[in-house]
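Remarks on the overall topology
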Amino acid sequence: DDISFDKPVDVGDLLVFKSRVLYTLPEGGNLGTYVDQHDGLPLVNVEVGCWVTCPETRKAEVSNHFYFTFALPNKTSCRRVLPANIDQARRQAL
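The structure displayed is predicted, hence computed values, not measured ones.

What counts and what doesn't
Residues numbered from 1 in each chain as written. Predicted model: local features only at pLDDT ≥ 70, side-chain atom pairs only at ≥ 80, totals over all residues. Heavy atoms only, no water. Helix = DSSP H or I, 4+ residues; strand = E, 2+ residues; numbered from the N terminus. Rg over C-alpha atoms; globule rule 2.2 N^0.38 Å. Buried < 20%, exposed > 50% of the residue type's maximum accessible area, 1.4 Å probe, protein only. Contact = heavy atoms within 4.5 Å. Salt bridge = Lys/Arg side-chain N within 4 Å of Asp/Glu carboxyl O. Polar contact = N/O pair within 3.5 Å; in protein donor to acceptor, adjacent residues only side chain to side chain. Core = buried A, V, L, I, M, F, W, Y, C linked by side-chain atoms within 4.5 Å. Patch = residues over 30% accessible without salt bridge, like charges linked within 9 Å, V, L, I, M, F, W, Y side chains within 5 Å. Areas by Shrake-Rupley, 256 points an atom, 1.4 Å probe, with all protein chains shown as cover. Phe/Tyr/Trp six-rings, centres within 6.5 Å; stacked < 30°, edge-to-face > 60°.

Here the focus is the overall build of the protein. Across its full length, the protein carries one helix and four strands. Taken from N to C terminus, the helices and strands of the protein fall in the order β-β-β-β-α. Over its C-alpha trace the protein gives a radius of gyration of 16 Å, far above what one expects of a compact globule, namely 12 Å for 94 residues. If one aligns the C-alpha atoms of the protein with their principal axes, the spans along those axes are about 50 × 30 × 20 Å. For the protein, the residues scored as buried account for 28% of the 94 residues in total. Residue pairs at least 24 apart in sequence account for 65% of intrachain contacts in the protein once pairs closer than 6 positions are excluded.

A word on the pattern of salt bridges. Going through the model one piece at a time under the given rule, you end up with two salt bridges. Its salt-bridge partner being Arg80, residue Glu27 comes within 2.7 Å of it at the nearest N-O pair. Pair noted here: Glu27 is in the loop between strand E2 (14-25) and strand E3 (43-54) and Arg80 is in the loop between strand E4 (59-71) and helix H1 (86-92), with a separation of 53 residues, a long-range link.

Within the fold, Thr24 resides in strand E2. A distance of 2.8 Å separates a polar atom in the side chain of Thr24 from the backbone oxygen of Arg79. A distance of 2.8 Å separates the side chain of Thr24 from the backbone nitrogen of Val81, its partner in a polar contact. Here Thr24 is in contact with Leu43, Val44, Cys78, Arg79, Arg80 and Val81, once residues within four sequence places are set aside.

As a further point, take the nonpolar core. The nonpolar side chains of soluble globular proteins are, as a tendency, buried together. Of all hydrophobic cores here, the largest spans six residues; its members are Val44, Val46, Val48, Cys50, Phe66 and Leu72. A per-element tally of this core places E3 first, with four residues. Ignoring sequence-local partners within four residues, the contact set of Leu72 consists of Leu41, Pro42, Val44, Ser77 and Cys78.

This part is about the environment of Cys54. Here Cys54 lies in strand E3. Using a relative accessible area of 28% as the deciding quantity, one classes Cys54 as partly exposed. Expressed as a C-alpha distance, the spacing of Cys54 and Ala84, which sit 30 residues apart in the sequence, is 31 Å.

It is worth spelling out a nonpolar patch on the surface at this point. There is a patch of nonpolar side chains on the surface, built from Val9, Leu15 and Phe17 and spanning about 240 Å² of accessible area. Residue placement: Leu15 occurs in strand E2.

Take the packing of aromatic side chains next. Here the structure, examined in full by the defined rule, presents two aromatic pairs. Ring centres of Phe66 and Phe68 lie 6.0 Å apart, and the angle between their planes is 15 degrees; this geometry places the pair in the stacked category. Its relative accessible area of 27% is what places Phe68 among the partly exposed residues. An angle of 35 degrees between the planes, with centres 6.2 Å apart, marks the rings of Phe68 and Phe70 as tilted.

Printed below as a string of structure tokens:
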């Protein structure tokens, strides 16, 4: 999936990750031809934010945003999750 780098991360930096499920497709969806054997599998779209933090100054800067789509194996069931607001709906369209 897509990873954007807004700020580089140096060796030794302290990172904080926050993630959330943006939406699910319990009935499955189409990830395209570049993903093998996913037809009919439930899909989960996750957003992960990464912050480089400096505890001494109590500051944090956004470093990266990651967007992942997971296909659940063996047709594992999942509940339907829809975007909670217009901002999350826009992320779904990325």
